[in-house]
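One letter stands for each residue in the lines below.
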Amino acid sequence: MPSHDSAGTRASGSPGVAESVLDAFTRAGVHHFTGVPCSLLKGLFHALEDAPEPVRYLPAPREDTALGVASGLAVAGTPAAVLMQNSGLGYCLNVITSFNLIYDVHTPLVVSWRGHSADAVEHDVIGRELTRLLDVFSLPWNVLDHGDPYGSVETCLEGLSQGPSVLIVREGI
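Residues numbered from 1 in each chain as written. Predicted model: local features only at pLDDT ≥ 70, side-chain atom pairs only at ≥ 80, totals over all residues. Heavy atoms only, no water.

Participant: Please explain a negative patch on the surface as it appears in this structure.
Facilitator: A cluster of like negative charges, contributed by Asp145, Asp148, Glu154 and Glu158, occupies part of the molecular surface. Along the chain, Glu154 falls in helix α6 (residues 149-158). (Patch = residues over 30% accessible without salt bridge, like charges linked within 9 Å, V, L, I, M, F, W, Y side chains within 5 Å. Areas by Shrake-Rupley, 256 points an atom, 1.4 Å probe, with all protein chains shown as cover. Salt bridge = Lys/Arg side-chain N within 4 Å of Asp/Glu carboxyl O. Lys, Arg positive; Asp, Glu negative; His and termini not counted. Charge placed at Lys NZ, Arg CZ, Asp CG, Glu CD. Helix = DSSP H or I, 4+ residues; strand = E, 2+ residues; numbered from the N terminus.)

Given below as structure tokens:
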């Protein structure tokens, strides 16, 4: 397996998973990103910080704030994606249920799956229940396939026809 640096770029210089995810979103017209850093998404955050125009990264202090920013951009006609860890999804449930789902404001969410495997104990419950929680709120979701990041992003974006759609990241990118 090729080695990767902290941004997910392959040592050979070819794009890594993080860069491919970012490229897939931008090719689909999503150029604005906001969110709260997570170690599982650090490669994607690094790629966003180094990305040229028209890509814009807007840091947020909380996940629900990030969702509000992305939702405002979406209402204004500018698609935006939100990056967060699954614990932050809890902060966003009120925004999702009282705004996004009610007013059909569909934004892609890139959510790290903390607690999916050995992790800190505070992630155990949300990690165990993440997909059931998404199903309860009828939020379409798929898990990032590191072998096909373009297909994974495409599936996520197709889910936007049903509501906010979630791309789950199990392993660090």
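From this point, the discussion proceeds with the structure in view.
Participant: Help me understand the environment of Leu67, please; the structure alone is not making it clear to me.
Facilitator: Tracing the backbone shows Leu67 in helix α3 (residues 63-75). In this structure, the C-alpha to C-alpha distance between Leu67 and Tyr91, residues 24 residues apart in sequence, is 9.8 Å. Apart from residues lying up to four places away in sequence, Leu67 is in contact with Val82, Cys92, Val95, Ile96, Asn100, Thr107 and Leu109. (Contact = heavy atoms within 4.5 Å.)

Participant: It is not clear to me how α6 should be interpreted in this structure. Could you clarify?
Facilitator: Along an α-helix, residues three or four apart share an orientation, since each turn contains 3.6 residues. Within the sequence span of α6, burial applies to Pro149, Gly151, Ser152, Val153, Cys156 and Leu157. Along its buried surface, α6 packs onto α1 (17-27), β4 (108-112), β5 (141-143) and β6 (165-169). (Buried < 20%, exposed > 50% of the residue type's maximum accessible area, 1.4 Å probe, protein only.)

Participant: Help me understand the packing of aromatic side chains, please; the structure alone is not making it clear to me.
Facilitator: Given two aromatic rings, one states the distance between the centres and the angle between the planes to describe the pair. Tallied over the full model, the rule gives 3 aromatic pairs. In this structure, Arg62 packs its charged tip against the face of Tyr91, placed 4.4 Å from the ring centre. (Phe/Tyr/Trp six-rings, centres within 6.5 Å; stacked < 30°, edge-to-face > 60°. Lys NZ or Arg CZ within 6 Å of the ring centre and 35° of its normal.)

Participant: Help me understand the packing of α1 against α6 in this model?
Facilitator: For any two helices packed against each other, one specifies the crossing angle of their axes together with the interaxial distance. Look at α1 against α6: their axes get within 8 Å of each other, and the N-to-C directions meet at 40°. Judged by the inter-axis angle, α1 sits oblique to α6. Our pair here, α1 against α6, has a crossing hand that is right-handed. Only Pro149, Tyr150, Val153 and Leu157 of α6 make contact with α1, whose side of the interface consists of Val17, Ser20, Val21, Asp23, Ala24, Phe25 and Arg27. Here the residues of the contact of α1 with α6 are counted per class, giving 8 nonpolar, 1 polar and 2 charged. (Axes fitted to C-alpha atoms, helices over the stretch in contact; angles between N-to-C directions. Parallel < 35°, antiparallel > 145°, perpendicular 65-115°, else oblique. Left-handed = near helix turned anticlockwise from the far one by under 90°. Nonpolar A, V, L, I, M, F, W, Y, C, P; charged D, E, K, R; others polar.)

Participant: Help me understand the pairing of β4 in this model?
Facilitator: Each regular strand shows side chains that alternate between the opposite faces of the sheet. Among the 5 residues in β4, 5 count as buried, and that is most of the element. Along β4, one buried face is formed by Pro108, Val110 and Ser112 and the opposite face, lined by Leu109 and Val111, is buried too. Handedness of the crossover is the feature at issue here: the chain leaves strand β3 (residues 80-85), passes through helix α4 (residues 86-100), returns alongside β4, and the resulting connection is right-handed. When β4 meets β6, the two strands line up parallel, connected through 5 bridges. Each bridged residue has a counterpart across the sheet, and for Val111 the counterpart in β6 is Ile168. (Right-handed = clockwise from strand over helix to strand, strands pointing away. Pairing = 2+ DSSP bridges.)

Participant: I tried to follow the sheet that holds strand β2 (residues 56-59) on my own but got confused; where do I start?
Facilitator: In a beta sheet, neighbouring strands are held together by backbone hydrogen bonds and run either parallel or antiparallel to one another. The 6 strands are arranged β2-β1-β3-β4-β6-β5 in an open sheet whose pairing can be described as parallel. On the outer flanks of this sheet lie β2 and β5, each paired with one strand and no other. Here the strands of the sheet are splayed against their neighbours by 20° on average, with no regard to which way each runs. Note: strand β1 (residues 32-35) against β2, 4 bridges, orientation parallel. Counterpart to Thr34 in the pairing with β2 is Leu58. Along the sheet, α3 contacts β1, β2, β3 and β4; its crossing angle with β3, the most-contacted strand, is approximately 170°.

Participant: Explain the nonpolar core here, please?
Facilitator: Within soluble globular proteins, side chains that are nonpolar tend to cluster in buried spots. Counting 29 residues, the largest nonpolar core has Leu22, Phe25, Phe33, Leu44 and Leu83 as the members making the most contacts within it. Listing elements by their share of this core, those giving two or more residues are α1, α2 (42-50), β3, α6 and β6. Per-element accounting of this core gives the leading share, 6 residues, to α1. Contact partners of Phe33, with chain neighbours within four places excluded, come to Leu22, Phe25, Thr26, Leu48, Val55, Arg56, Tyr57, Leu58, Ala81 and Leu83. Counting residues in each nonpolar core, the second largest holds 19 residues, with Ala80, Val95, Ile96 and Val166 among its members. (Core = buried A, V, L, I, M, F, W, Y, C linked by side-chain atoms within 4.5 Å.)

Participant: Help me understand unusual backbone geometry in this model?
Facilitator: The phi angle of most residues is negative, glycine excepted, and most peptide bonds adopt the trans form. The linkage connecting Glu53 with the following residue, Pro54, adopts the cis geometry, with an omega of 15°. As for its position among the elements, Pro54 is in the loop between α2 and β2. The phi dihedral of Asp104 is positive, around 55°, even though this residue is not glycine. Following the sequence through the fold, Asp104 ends up in the loop between α4 and β4.

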